Amino acid sequence: MTIMELLKEKGLSRYSLSKTSGVPWATLADICSGKTSLNRCSAETLSELSKALNLSIEGILKLEPEYSKTEKTGKPADKAYLETNLSPQLTKAIKDYEQGEKDKVSYMDCLWGELYGSINADFWSDCLTEEQANYLRKKYLYGEEELND
C-alpha cells in the first residue's frame, strides 16, 4: 500500500495530514510523489506521521513508495498515454484493423499493411514519438505478449 492509498482509505488529504501531523505540506508532497523516500525521513517526521495515521513507525516504513506504481523512468506503468493524440488517419487505421479482427475478414493482411504504413508515416512526419510507434506496432501488429519486454 502506498501513502496515497492509505490517505484515501482513511479519508484524509495531504493538507489535512499536514495540519494534523505538523509535517510541512511540501515534505508530504515529496513523500507522496515518491520524490522523498520514507526511509530518508527524519525520526521526528516518521514519529509525527505515525501518530497522525495511528500506525507504528515500522508500519509507516513498510508503505510502498509511489514510484513503485510506475516504471523506473517515472512514466506510468499503464501505457494508455501512448495512444493519445493520434492523427485521424492512424486512429481510423487502428479502428479498421480492430474491426477486421473482430469480423474475421479475409483481407486482414491489407488492414495490417495499412496500419503499419500509418504508424510509420506518422512517425516519419514527427506526429509520433519512437516510443509510441514501437508500442503501437507491438500492441496491434506483433501481439500483446511482446509488450512485456
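Please read these numbers as outputs of a predicted model, since none were measured by experiment.

Parameters at a glance
- Residues numbered from 1 in each chain as written.
- Predicted model: local features only at pLDDT ≥ 70, side-chain atom pairs only at ≥ 80, totals over all residues.
- Heavy atoms only, no water.
- Helix = DSSP H or I, 4+ residues; strand = E, 2+ residues; numbered from the N terminus.
- Buried < 20%, exposed > 50% of the residue type's maximum accessible area, 1.4 Å probe, protein only.
- Contact = heavy atoms within 4.5 Å.
- Phe/Tyr/Trp six-rings, centres within 6.5 Å; stacked < 30°, edge-to-face > 60°.
- Lys NZ or Arg CZ within 6 Å of the ring centre and 35° of its normal.
- Core = buried A, V, L, I, M, F, W, Y, C linked by side-chain atoms within 4.5 Å.

## Some remarks on the overall build of the chain
Link 1 in the chain: Each helix and strand counted, the chain has eight helices and zero strands in total.
Link 2 in the chain: Of the regular secondary structure in the chain, the N- to C-terminal order runs α-α-α-α-α-α-α-α.
Link 3 in the chain: In the chain, which comprises 149 residues, the share counted as buried stands at 31%.
Link 4 in the chain: Within the chain, contacts between residues at least 6 apart in sequence are counted, and of these 50% link residues at least 24 apart.

## A closer look at the packing of aromatic side chains
Link 1 in the chain: For the coordinates displayed, the defined rule picks out two aromatic pairs.
Link 2 in the chain: Geometrically, the ring pair formed by Trp112 and Tyr116 is stacked, given 5.2 Å between the ring centres and 10° between the ring planes. You can see Trp112 and its partner Tyr116 sitting in helix 7 (residues 108-124), four residues apart, about one turn around the helix.
Link 3 in the chain: Residue classification places Trp112 among the partly exposed positions, given a relative accessible area of 29%.
Link 4 in the chain: When its relative accessible area of 31% is taken as the criterion, Tyr116 is described as partly exposed.
Link 5 in the chain: Members of the aromatic cluster, each reached through a chain of ring pairs, are Trp112, Tyr116 and Tyr142.
Link 6 in the chain: Of note, Arg137 hangs over the ring of Phe123, and the distance from its end group to the ring centre comes to 6.0 Å.

## Here's the deal with the nonpolar core
Link 1 in the chain: In terms of nonpolar packing, the biggest core is built from 17 residues, with Leu90, Ile94, Leu115, Ile119, Leu128 and Leu136 touching the most fellow members.
Link 2 in the chain: Those elements that provide at least two residues to this core are helix 6 (88-103), helix 7 and helix 8 (130-141).
Link 3 in the chain: Looking at this core, the element that brings in the most residues is helix 8, giving five residues.
Link 4 in the chain: If near-sequence neighbours (up to four positions away) are discounted, Leu90 is found in contact with Leu115, Ser118, Ile119, Asp122, Leu128 and Leu136.
Link 5 in the chain: Of all hydrophobic cores here, the second largest spans 15 residues; its members include Ile3, Leu17, Leu53 and Ile60.

Purely geometric stuff here, so don't read any function into it on its own.
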